[in-house]
Amino acid sequence: MTAKLIYYNGQDAPGKERTAELPRGGCTIGRAEECLVRGDDPRTSRRHARLFMEGTLWYLEDLGSTGGTFLNHQQVRRALLCDGDVIGCGPLQVRFALCADTPPGPAPGDRVGDYRLLRRLGVGGMGVVFEAEREELGRRVAIKLLHPEYSQKTEWVTRFFNEARAVNLIRHAGIVDISDFGRLPDQSLYIVMEYLEGETLRQRLSVRPRLPLAMALSLSFQVAIALSATHRQGVIHRDLKPDNVFLVADILLPDGERTKLLDFGVAKFAPQGSGPQGTPGPTGGLTRVGAMLGTPKYMSPEQASGAGKVTDKADIYSLGVMMYEMLTGQPPFTHATPMGLIAQHVMDAPRPILGLLPELPAAVAGLVHEMLLKDPAARPSAEETASRLKHLRRDLV
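A. Up close: the environment of Cys89. For Cys89, the position within the fold is in strand E10 (residues 86–89). Judged by relative accessible area, which is 0%, Cys89 ranks as buried. When the C-alpha positions of Cys89 and His48 are compared, they lie 6.6 Å apart, and in sequence the two are 41 residues distant. If near-sequence neighbours (up to four positions away) are discounted, Cys89 is found in contact with Ile29, Thr44, His48, Ala49 and Thr69.

Take a look at the structure:
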């Protein structure tokens, strides 16, 4: 599995990220001439850390550095690397990114369980998604396959099936349906999902960065309704972002489209009997040692700071970031580095939304800023957020 490092040296101009392709033989990070990624600050040791492959997986190892090596804000000696991980070697911040190679294994025309693969929909660092069909029923589905090397790792198996567990626990029209799972002869895991036609919210924002007020309120309302159902079952999404909100046509809804939440792979499950309002939740969850789950641009302060207890209010914060972006065309925080962005979520107040959009109704601005409060307890619940959005749509649109 090929990979690259994206890094920012503190002496570079803001926004000037550098990229280095990782040789299969691995590399070192530090101040020495032979290091693939070099920093100039003395807080970075001469040979600070190394990256290397075992089989097809990448690992990080500290080389006895003075200040320690950090993975996602947590000090580590040796750790498995995952797509999007942030490595800290003194002030030198490095993001690890898996390249989307065309993987070996199943191809269009092959069979997976009772389904025939039709076409590849997408390839990621850890898996591939196909459109498929159960021919005798004429039923189209999407099949997500986890690469064989990850199918042998307990953490990734848990993460993969968390998605199926969460979706089937919640069972809501605003969440993509998952109907089956299994394992192929090469040990690759797969799940069978509802096939969706449409676009992600990220794709829409890439074409139309600032959405009309009515559309932004409608989409936010639907996401809040789905989150309310999710939280009632004691499930926290933990990676809510525009890439994980899919938009499909639905003539039964007033606005003609429905939102579908995707990717519950890093969802947190409440312990048995501790779901909101006394609802039971399955035992378990998934937190890798040294991991910081979520996407920096949309990550709540408590996730960013590595707080031990992340509640459902983390999802509300992420939805607040999305609302801010939908309404203004830009997120509340921007920074050249992931760690700088994380620090802003923890420490800084967002720019007043009315300063960017003076014509925005004050009630909408007030709700967005409540959702972005640093104190999770001060944010509204998903149910309250949905109720307020419902009234705002009725009164303002």
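B. Molecular detail of the pattern of salt bridges. Applying the stated criterion to the full structure yields 27 salt bridges. The salt bridge partner of Asp41 is Arg43, with a shortest N-O separation of 3.0 Å. The exposure class of Asp41 is partly exposed, given its relative accessible area of 23%. Taking the shortest distance from any N to any O, the salt bridge between Glu61 and Arg50 comes out at 2.7 Å. Taken together, the positions of Glu61 in strand E6 (residues 57–62) and Arg50 in strand E5 (residues 49–54) put the pair 11 residues apart, joining distant regions of the chain.

C. Summary view of the pairing of E6. The buried fraction of E6 amounts to five of the six residues, a majority that puts the element mostly inside the structure. Summarising the sheet, E5 and E6 pair through six bridges and their orientation is antiparallel. Counterpart to Ala49 in the pairing with E6 is Asp62. Pairing of E6 with strand E9 (residues 78–80) involves three bridges; the strand directions are antiparallel. Paired with Glu61 across the bridge in E9 is Arg78.

D. Highlighting the nonpolar core. With 90 residues, the main nonpolar core has Leu51, Ile87 and Phe96 as its most contacted residues. Residues contacting Leu51, with those up to four places away along its chain left out, are Leu5, Leu22, Gly26, Cys27, Ile29, Trp58, Tyr59, Leu60, Leu81, Ile87 and Phe96. Val112, Val128, Phe130 and Leu184 belong to the second-largest nonpolar core, a separate cluster that totals 12 residues.

E. Seen up close, the side chain of Glu325. Turning to its location among the elements, Glu325 is positioned in helix H6 (residues 313–328). At 3.3 Å, the side chain of Glu325 forms a polar contact with the side chain of Arg202. Of the polar contacts made by the side chain of Glu325, one reaches the side chain of Tyr298; its length is 2.6 Å. Beyond its immediate stretch of four places on either side in the chain, Glu325 contacts Arg202, Leu205, Pro209, Pro242, Tyr298, Gln330 and Pro331.

Here is what the cut-offs are and how they apply
- Residues numbered from 1 in each chain as written.
- Predicted model: local features only at pLDDT ≥ 70, side-chain atom pairs only at ≥ 80, totals over all residues.
- Heavy atoms only, no water.
- Helix = DSSP H or I, 4+ residues; strand = E, 2+ residues; numbered from the N terminus.
- Buried < 20%, exposed > 50% of the residue type's maximum accessible area, 1.4 Å probe, protein only.
- Contact = heavy atoms within 4.5 Å.
- Salt bridge = Lys/Arg side-chain N within 4 Å of Asp/Glu carboxyl O.
- Pairing = 2+ DSSP bridges.
- Core = buried A, V, L, I, M, F, W, Y, C linked by side-chain atoms within 4.5 Å.
- Polar contact = N/O pair within 3.5 Å; in protein donor to acceptor, adjacent residues only side chain to side chain.

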